[in-house]
Amino acid sequence: MNIATDQHTGRQASKRHPLQRAQRIFAMRDAVLTAWEQRVRASVRGADQLLTPILINTLPAFFDNLAEALTPGHPRENAASNSNVPAVHGNERARMTNYGPEQVIQEYQIFRDCFAAVAHESGITLRSKDWQVINESIDSGIRESIREFTSMHEGFRRRIAAGLSHDMRNPLAVISTSAQLLLRPAEPERVVALAHKIAEHSKRLDSMIEELLDSLSYHQGQRLPLALSQFDVLPLVQAVAGQVNLQRPDKCHVQGQSVTGWWCENSLRRALENLLGNALKYGDDAPIGVHVEATHERLIITVHNSGHAIAPEQAERIFDYLRRENDNPAPGWGIGLPFVQNVAESHGGSIAVDSAPETGTSFIFDVPVDCRPFVEPTGVPNNDC
């Protein structure tokens, strides 16, 4: 026979049951993610090459959203409602991995299986209305992830095509200047030197065209395909500065130290060409200073000009693709700086800007001295960078 207090306790336990069940679902997260990582590494092509932070990605947030959607009375309808977590997942998969759409879909399917398996092992019965929420979450997650994943890939191809077309102007300018100098009376040694320069930059232009064709079909996401090699960056910086000085004598001055590391030489060259080109464009005809140093296993290349400072509102936007400032007489920041940012981030580093009327403008290109650990987990580097 139950006394009143027993009946009251029973009603309280019944009321607490949905909350306790939700807490048990939330407590499954580590087990679900551990099981998911093991299965993904074993069955999804390319996943075994990814470091754990890259592989796990936004899955913890997706799990929490799903647990909330399974909680009675919670306003979230499914794991993708009122959240861009699946889109961010697709964005990162495009930027940070070799994945194709099939791998993104497969990951979500494995997540559903792991969630169900851990729930069963934990003694949690998934009812029909639970499965409706789970399936809606997975389906919506797949749709939003693939939409963003595809958008990132298409945007990447457009940026590469536009960036390469833009950068072709640099070797073309050298070829044109050298050809004009050949039309003037010159010493035989000078003629030979200019002919070598035309041949060298014609070869670079040809490699850029090949890269453009490869990039249009490259399946990598936003990150650039990099072919890493070991070299001293100082001679490369001096060579790019020399191209500037060929057209504008004594315009560019290089200081600093030799730094030997692992980078993609062609990508670094093109990034430097863009940085120096912008310094010429916006430097008010003042000298350009380039400084090279290494500190705490980081390579830092600083390109400085003493022209007008960048307005704070512009500084926030100069790395936006095809961004142009209408009140600036020079052609906008459209392609070059976004490409420089892409090069830096693809090497595991960054590009920063420091600008003030008192100090001028410095662009700080900062990447690891040895980029191999930050590039190779995305897959085998492309040899055509």
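- The name given to the protein chain in an unreviewed UniProt entry is histidine kinase, with the source organism recorded as Janthinobacterium violaceinigrum.
- Per UniProt, the protein chain carries the Catalytic activity (unreviewed entry) text "ATP + protein L-histidine = ADP + protein N-phospho-L-histidine."

1. As for the state of the cysteines
Linking two cysteines covalently via their sulfur atoms produces the bond known as a disulfide.
Move 1: Under the criterion given, the structure shown has 0 disulfides.
Move 2: No disulfide involves Cys371; its nearest neighbouring cysteine sulfur is the one of Cys264, lying 9.9 Å away.

2. Brief notes about helix H8 (residues 169-182)
Move 1: With 14 residues, H8 ought to run about 20 Å at 1.5 Å a step, and its terminal C-alpha atoms sit 20 Å apart, in line with that.
Move 2: By the burial criterion, the buried members of H8 are Pro171, Val174, Ile175, Thr177, Ser178 and Leu181. The arc that holds the buried residues of H8, viewed along the axis, is 165°, so those residues lie on one side.

3. Let's talk about the environment of Ser178
Move 1: Its location among the elements puts Ser178 in helix H8.
Move 2: C-alpha of Ser178 to C-alpha of His196: the two residues are 18 residues apart in sequence and 9.7 Å apart in space.
Move 3: Excluding anything up to four places from it in sequence, Ser178 contacts Leu194, Lys197, Ile198 and Leu246.

4. Focus: the sheet that holds strand S2 (residues 252-256)
Move 1: Judged by pairing direction, the sheet is mixed, and its 5 strands sit side by side in the order S2-S4-S5-S7-S6 without closing on themselves. Each of the sheet's edge strands pairs with one partner strand only, and the pair in question is S2 and strand S6 (350-356). If you compare each strand with its neighbour and ignore which way they point, the axes differ by 15° on average.
Move 2: The sheet contact formed by S6 and strand S7 (residues 360-368) spans 7 bridges and is antiparallel. Among the inter-strand pairings, Ala352 is bridged to a residue of S7, identified as Ile364.
Move 3: Relative to S2, helix H10 (residues 233-247) is tilted by about 165°, and along the sheet it contacts S2, strand S4 (288-295) and strand S5 (298-305).
Move 4: Most of the contacts of helix H13 (residues 336-346) go to S7, to which it runs at about 30°, and overall it touches S6 and S7.

Thresholds, definitions, all that
- Note on numbering: residues in each chain are counted from 1, in written sequence order.
- At least 70 in pLDDT is required for a residue's local features to be given in this predicted model, at least 80 for side-chain atom pairs to be given and counted, and no such filter applies to totals for whole chains, interfaces and linings, which use all residues.
- Note that the side-chain values use all heavy atoms of the structure and ignore hydrogens as well as water.
- UniProt positions are given in the numbering used here, feature names are shortened, and annotations may be inferred rather than shown by experiment.
- By disulfide we mean two sulfur atoms from cysteines, separated by a distance within 2.5 Å.
- Runs of H or I in DSSP of at least four residues are treated as helices and runs of E of at least two as strands, each being numbered from the N terminus.
- Between the first and last residue of a helix there are one fewer steps than residues, each counted as 1.5 Å, and that sum is the expected span.
- Type-normalised accessible area, obtained with a 1.4 Å probe on protein chains alone, sets the label of each residue: buried when under 20%, exposed when over 50%, and partly exposed for intermediate values.
- Arc definition: it is the arc formed by the directions from the helix axis to the C-beta atoms.
- Residues count as neighbours in contact if any of their non-hydrogen atoms are within 4.5 Å of one another.
- Pairing between strands is defined by DSSP: at least two bridges between them are needed.
- Note on geometry: axes are C-alpha line fits, over the in-contact stretch for helices, and angles between N-to-C directions span 0 to 180 degrees.

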